[in-house]
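Okay, here's what each chain looks like letter by letter:
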Amino acid sequence: MLDKSPYEPLNAATLTRRLGGMPELTRRLGPAAHWQVREVGDGNLNLVFIVESPKGAAVAKQALPYARCVGESWPMSLERAFFEYHALVRLGARDPGRLPEVYAFDQSQALIVMEYLAPHVILRKSLVEGVVLPELGGHLGRYLARSLFRGSDFAMDTAHRKADLALFAGNGELCGISEDLIFTDPFRASPRNRVTAGLEGDAAAARADRDLKVAAAALKRRFATSAETLLHGDFHTGSVMVTDRDSRVIDPEFAFYGPMGFDIGSLLGNLMMAFFAQSGYRADHAACIAYQDWILDVAETVWWVFAAEFARLWKSGRNGILGLRELFEDVGHEIGARSVLTDLMEEVWRDTLGFAGIEMHRRILGLAHILEFEAIANEGLRAECERRALAMGRVLMLRARTLRGPREVSALARTMAERPL
Ligand code: ADP
Ligand code: MG
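Here is what the cut-offs are and how they apply
Residues numbered from 1 in each chain as written. Chains lettered and ligands numbered in written order. Predicted model: local features only at pLDDT ≥ 70, side-chain atom pairs only at ≥ 80, totals over all residues. Heavy atoms only, no water. Donors = N, O, S within 2.8 Å, 3.2 Å for Na, K, Ca; no water. Buried < 20%, exposed > 50% of the residue type's maximum accessible area, 1.4 Å probe, protein only. Salt bridge = Lys/Arg side-chain N within 4 Å of Asp/Glu carboxyl O. Helix = DSSP H or I, 4+ residues; strand = E, 2+ residues; numbered from the N terminus. Domains from an automatic or database assignment. Buried area = accessible area lost by both parts, 1.4 Å probe. Nonpolar A, V, L, I, M, F, W, Y, C, P; charged D, E, K, R; others polar. Disulfide = S-S within 2.5 Å. Near = heavy atom within 4 Å. Polar contact = N/O pair within 3.5 Å; in protein donor to acceptor, adjacent residues only side chain to side chain. Areas by Shrake-Rupley, 256 points an atom, 1.4 Å probe, with all protein chains shown as cover. Axes fitted to C-alpha atoms, helices over the stretch in contact; angles between N-to-C directions. Parallel < 35°, antiparallel > 145°, perpendicular 65-115°, else oblique. Left-handed = near helix turned anticlockwise from the far one by under 90°. Contact = heavy atoms within 4.5 Å. Pairing = 2+ DSSP bridges.

Draft legend 1. Focus on the coordination of the magnesium ion (ligand 2). Donor atoms from the polypeptide that bind the magnesium ion (ligand 2) are Asp251 (OD), Asp251 (OD) and Glu253 (OE), placed at 2.1 to 2.5 Å. Glu253 matches Asp251 in its accessibility class, with the two residues each being buried.

Draft legend 2. Expanded view of the pattern of salt bridges. This structure, assessed with the given rule, holds 32 salt bridges. Among the salt bridges present, the one from Arg222 reaches Glu228, with a minimum N-O distance of 3.6 Å. A salt bridge links Arg362 to Glu359; the nearest nitrogen and oxygen atoms lie 3.1 Å apart. Of this pair, Arg362 and Glu359 both sit in helix α12 (residues 334-365), three residues apart, which is roughly one turn of that helix. Using a relative accessible area of 7% as the deciding quantity, one classes Arg362 as buried. A relative accessible area of 2% means that Glu359 is categorised as buried. Here the salt bridges share partners, and the residues they tie into one network are Asp95, Arg98, Glu115, Arg146, Asp246, Arg248, Glu309 and Arg312.

Draft legend 3. Representation of the domain arrangement of the protein within the structure. Domain assignment breaks the protein into domain 1 (12-115) and domain 2 (121-418). Look at where the C-alpha atoms of domain 1 and domain 2 centre, and you get two points 27 Å apart. At the boundary of domain 1 with domain 2, total buried surface from both sides reaches about 2,400 Å², with 60% on carbon and sulfur atoms. Together, Phe83, Arg94 and Arg98 form the three largest contributors to the area buried by domain 1 at its contact with domain 2, with a combined 33%. Across the domain 1-domain 2 interface, the total number found is six salt bridges. For the salt bridge of Arg146 with Asp95, the shortest nitrogen-to-oxygen distance reads 2.9 Å. When contributions to the side of domain 1 that touches domain 2 are tallied by element, the ones reaching two or more residues are β5 (71-75) and α3 (80-94). With ten residues, α3 is the largest single contributor of residues to the side of domain 1 that touches domain 2. Its residues assigned to classes, the side of domain 1 that touches domain 2 shows eleven nonpolar, four polar and nine charged.

Draft legend 4. Geometry of the state of the cysteines. In this structure the tally under the stated criterion is zero disulfides. No disulfide involves Cys288; its sulfur sits 8.5 Å from that of Cys385, the nearest cysteine.

Draft legend 5. Representation of the site of ligand 1. Around ligand 1 there are 17 residues in total, and Asp42, Asn46, Lys61, Leu117 and Glu253 lie nearest to it. In the environment of ligand 1, an oxygen atom lies 2.7 Å from a nitrogen or oxygen atom belonging to the side chain of Lys61. Leu117 has a polar backbone atom sitting 2.9 Å from a nitrogen atom of ligand 1. Contact with the protein chains hides 92% of the accessible area of ligand 1, taken as 550 Å² for the molecule alone. Mapped by element, the contributors of at least two residues to the shell around ligand 1 are β2 (46-52) and β3 (57-63).

Draft legend 6. Broad picture of the packing of helix α10 (residues 260-277) against helix α11 (residues 285-316). The contact between α10 and α11 brings their axes to 8 Å, and the two run at 165 degrees. When the interaxial angle is binned, α10 and α11 end up roughly antiparallel. The element α10 and its partner α11 pack so that their crossing is right-handed. Facing α10, whose interface residues are Met260, Ile264, Leu267, Leu268, Leu271, Met272, Ala274 and Phe275, α11 presents Gln292, Ile295, Leu296, Val298, Ala299, Val302, Trp303, Phe306 and Phe310. A per-class count over the contact of α10 with α11 returns 16 nonpolar, one polar and no charged.

Draft legend 7. Structural detail: the sheet that holds strand β11 (residues 247-249). Strand order in the open sheet formed by three strands is β8-β10-β11, and the pairing between neighbours is antiparallel. A strand with exactly one partner marks an edge of an open sheet, and here the two such strands are β8 (121-122) and β11. Across two bridges, the pairing between β8 and strand β10 (residues 240-242) is antiparallel. By the bridge assignment, Ile122 is partnered in β10 with Met241. Sheet contacts for helix α5 (residues 136-150): β10 and β11; angle to β11, the most-contacted strand, approximately 35 degrees.

Right, here's the structure in full:
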């Protein structure tokens, strides 16, 4: 039985006391007297502890009643742990092995206990260090296809789908944060915004850019109103942990029902920013180009593997509300089913590019910045890399209808990396 005492932020001692009373943990880790607990401390919003014993290990993630990166002046509800737990379980079942296994959930303490991923590192760090990961694109492309397809009306029946939509509608606070921080703040003067010195003029230009704001408005409408599938909701290179053979997805606390292209676009936008950041720390030109080529190859692979795996699931797993086999395959109209898929993929591609572009704006002009740029020690150089990324993001937002595929996007990135500023 879980202890129902009132919520308190835990420390190593109180965490050990709580978890030490949970049989599912003493079974995995042995008696609490032999545990070592430390706080990782690099989370944006939450506390993350690593619990190790001679027998095993676990991670315990606890929500705080405020946003950790800002402090107590930004209150946040503890409920987000509840949604993260439900998302971990669902996304983990949709692509088995790709998320950490959940060992326990203690709602009164907003506490999730899960598999300790080791020796995994956060993908952002790996991208700064220039590590090549041969299977990354395949892993993430398949994860996206499986999670996005299996959470959608193509795979789910009415009763489960509506109940789940209602459950995740409760995660409104975190959706509201995304609505403001991603879709609005970068394009207005907000006290939350931060920019690298030297980019103030670029920020002012974005605020004055009518076409860009029209595109942002259309993307915000897609984000807020298009409940296509259960999304991770914060699928960037800080939500992926890697080794050279494994890639894992963590931290789905922003999960909600939204447009498929949002998760794909967040990832591609972050890969593009990692691409533009490389010249900030790789002085050797040939080494820089080689690693940038690898990043673009990952981005292309993510899309093509996503599309291929989605098409495979389309053929074999379309048993939900929108399956409609009775209109197509059952009466010999396979071509009709293929046309529906083609139309869908075109829409997802457009959304993906738009969301990638807006992600590139909000990470440069908004509140939450990324390690890939922050790791560039020289501010002038960082501003230059960010300016190129902004220019690319703008094209992605405005030309989402005309860019025909991932190779064109890669060609655009190469042009943007070299053009005079
Ligand atoms: P937040 O939501 O506060 O940003 P994250 O879920 O991103 O928290 O976790 C913060 C950090 O804790 C991650 O960057 C990673 O270093 C570490 N971490 C989180 N979950 C795990 C895990 N299951 N195994 C190993 N490390 C983890
Ligand atoms: Mg988080």
